[in-house]
Amino acid sequence: MPISFENLAGYAGLNKIWEALPEARLVGGCVRDLLIDRDVNDIDLASPYTPEDNIKKLQEKGIKTIPTGLDHGTITAVIDRRPYEITTLRRDVETDGRHAVVAWTDNWQEDAQRRDFTMNALSLDQQGILYDYFGGEADLKKGRVRFVGEATKRIEEDALRSLRFFRFQARYGQGEADQDACKAIKQNHALVRNLSIERVASELLKILEGPEVGSIIALMQQTEILSEILPHPDPENLKRLLACQDPPRALPRLFALNPDPSIGRHLKLSRMQQCALKAYANNEPVLLPGGSDDELRCLKVAQELSLLIDRSWLWQAKELGKPNKEWSHFRQRLSHLPQPEFLLTGRDGMELGLPPGPNLGIWLKKTQNWWLKQGCRPDKEACLAWLKEQVSSDS
């Protein structure tokens, strides 16, 4: 029975692509999600034509194309501002555990053979006919994440597949993880050392912000992958955070799992992410869930709301390790209080007769400190009046 495309109603451009590339098939996540009736977030297709032929056929139909990854056979078609990624069928010529040298092919099974998991080797044509060379549909419906062919060989081709296994197990797995996969991952855990740390970090953060984090991290520990990618993993500390029923935020969970701000540098995270990790490690400004509104407004001036919220979860985990109404109320109050803003500028000071220069900055800072001591409640006029009075009395 053909597969329904009902969940693809928002992808009207797909029919235009099939007019240009009638032999193209849907592949990857969109096929998985269609089969288990989940929302489809993006569309990937595979084509038996070369990248150059794909571009030519699409442009003949007036479809904009972008050569996003020609070395890997990938182009992007853009229809009504929506991207559709199209990749030429490939076969591996050479693999080194990190990157593959590929050649084009027109053999669908050969292309499916090089994919990581059986559920990712499925393809679907425009008639809704499903092509399943390795039992991926049955695995998907049973919640079994299984490597295509021999697990060890797939991992040796690209060690990142070990980490991808845990991410897919979290999202699609049901019950006990595939033992052949776990055994192969454990036997080849050292291969992840050959990966770029950026690829490792990307997968780890996806795992941490996904479902079933506690059980997946435990599985990573059992297969010895966790200690390969983190210098000082502390799964028990992460358990305390998860027990608080925290939101799925990758960075606080990473810090809980490896409570050392240098982990950001180790994983080569962005400067912003590294700064966040340093803020988690620093207990300033101090968070007091029973504080007054004035104190909470001062907190919001001192630090970004997102950091305050993240730190509150980490502190709750450290103090209690369980849900707590007082901390929940604290976060609600923080979120609902308007963001205070100190509105005086150098121009305001100069209009009061203060000359430009360092002394002007000192006076503005004094006024801001007074404003903070008042719980950030005085408006601009009140701040101006205070500054004018202080300047006059100092004269």
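Refer to the preceding data block for the structure.
Calculation notes
Residues numbered from 1 in each chain as written. Predicted model: local features only at pLDDT ≥ 70, side-chain atom pairs only at ≥ 80, totals over all residues. Heavy atoms only, no water. Helix = DSSP H or I, 4+ residues; strand = E, 2+ residues; numbered from the N terminus. Rg over C-alpha atoms; globule rule 2.2 N^0.38 Å. Buried < 20%, exposed > 50% of the residue type's maximum accessible area, 1.4 Å probe, protein only. Contact = heavy atoms within 4.5 Å. Lys, Arg positive; Asp, Glu negative; His and termini not counted. Charge placed at Lys NZ, Arg CZ, Asp CG, Glu CD. Polar contact = N/O pair within 3.5 Å; in protein donor to acceptor, adjacent residues only side chain to side chain. Axes fitted to C-alpha atoms, helices over the stretch in contact; angles between N-to-C directions. Parallel < 35°, antiparallel > 145°, perpendicular 65-115°, else oblique. Left-handed = near helix turned anticlockwise from the far one by under 90°. 1 Å grid on protein atoms, 1.4 Å probe; cavity = no way out; pocket = protein on both sides within 12 Å on 5 of 7 lines; lining within 4 Å. Points joined across faces, edges and corners; volume = space filled by probe spheres on them. Nonpolar A, V, L, I, M, F, W, Y, C, P; charged D, E, K, R; others polar. Pairing = 2+ DSSP bridges.

Chemist: I tried to follow the overall build of the protein chain on my own but got confused; where do I start?
Modeler: Of regular secondary structure, the protein chain possesses 21 helices and 9 strands. In terms of C-alpha radius of gyration, the protein chain reaches 28 Å, well past the compact-globule figure of 21 Å for 395 residues. Structurally, the protein chain occupies a C-alpha span of about 85 × 50 × 40 Å along its principal axes. Counting all 395 residues of the protein chain, 48% fall into the buried class. The contacts in the protein chain between residues at least 6 apart in sequence include a share of 63% that link residues at least 24 apart. Computing the positive centroid from 53 side-chain charges and the negative centroid from 57, the protein chain places the two 3 Å apart.

Chemist: What is the right way to look at the side chain of T367 in this model?
Modeler: With respect to the helices and strands, the residue T367 is situated in helix α20 (residues 358–373). Among the polar contacts made by the side chain of T367, one reaches the main-chain carbonyl oxygen of W363 at a distance of 2.8 Å.

Chemist: How do you make sense of the packing of α20 against helix α21 (residues 380–394) when you look at a structure like this?
Modeler: Between two packed helices, what matters for the description is the angle formed by their axes and the separation of those axes. Axis separation between α20 and α21 bottoms out at 10 Å; the angle between their running directions is 125 degrees. Classified by the interaxial angle, the pair formed by α20 and α21 is oblique. Every pair of crossing elements has a handedness; the one defined by α20 and α21 is right-handed. In this structure, α20 contributes W363, K366, T367, W370 and W371 to the contact, and α21 contributes A382, C383, W386, L387, Q390, V391 and D394.

Chemist: Got a minute to help me understand the layout of surface pockets in this structure?
Modeler: The rolling of a water-molecule-sized probe over the atoms marks out the regions of remaining empty space. Its boundaries defined by the atoms lining it, the second largest pocket holds a volume of some 300 Å³. The wall of the second largest pocket is formed by 16 residues, among which F255, Y280, L314, W315 and K318 lie closest to the centre. If you list the elements that add at least two residues to the lining of the second largest pocket, you get α12 (235–243), α13 (250–257), α15 (271–281) and α17 (305–319). With 5 residues, the top contributor of residues to the lining of the second largest pocket is α17. Residue classes in the lining of the second largest pocket are distributed as 10 nonpolar, 3 polar and 3 charged.

Chemist: Help me understand the pairing of strand β4 (residues 74–79), please; the structure alone is not making it clear to me.
Modeler: On a regular strand, one side chain projects to one face of the sheet and the next to the other, so that they alternate. Of all 6 residues in β4, 5 are buried, a share of seventy percent or more. Alignment of strand β3 (residues 64–69) against β4, held across 4 bridges, turns out to be antiparallel. Bridge pairing in β4 links K64 to V78. When β4 meets strand β5 (residues 82–88), the two strands line up antiparallel, connected through 6 bridges. Opposite T76, over in β5, you have E85 as the bridge partner. Counting the residues in the hairpin turn of β4 and β5 gives 2 residues, including D80, whose phi is positive at 50 degrees.

Chemist: Teacher, can you tell me more about the side chain of Q316 here?
Modeler: Within the secondary structure layout, Q316 lies in helix α17. Q316 gets classed as buried once you look at its relative accessible area, which sits at 1%. Setting aside anything within four residues of it in sequence, one finds Q316 in contact with C244, G321, K322, P323, N324, W327 and R331.

Chemist: Help me out: how do you make sense of the sheet that holds β3 in this one?
Modeler: Taking strand neighbours across the sheet as the criterion, the 7 strands line up as β3-β4-β5-β2-β1-β8-β9 in an open arrangement whose pairing is mixed. Bordering the open sheet on either side are β3 and β9 (130–131), each of which pairs with just one other strand. Lying over the sheet, helix α3 (residues 51–60) contacts β2 (44–47), β3, β4 and β5, oriented at roughly 15 degrees with respect to β4.

Chemist: Can you help me understand unusual backbone geometry in this one?
Modeler: Both trends apply: most residues other than glycine have a negative phi, and most peptide bonds are in trans. Along the chain, E284 connects to P285 via a cis peptide bond; the corresponding omega equals -10 degrees. Here P285 is to be found in the loop between α15 and α16 (293–302). The phi dihedral of E224 is positive, around 70 degrees, even though this residue is not glycine. One can find E224 in the loop between α10 (213–222) and α11 (226–229). Its relative accessible area of 32% is what places E224 among the partly exposed residues. With a phi angle near 65 degrees, Q245 is a residue other than glycine that sits in the positive phi range.

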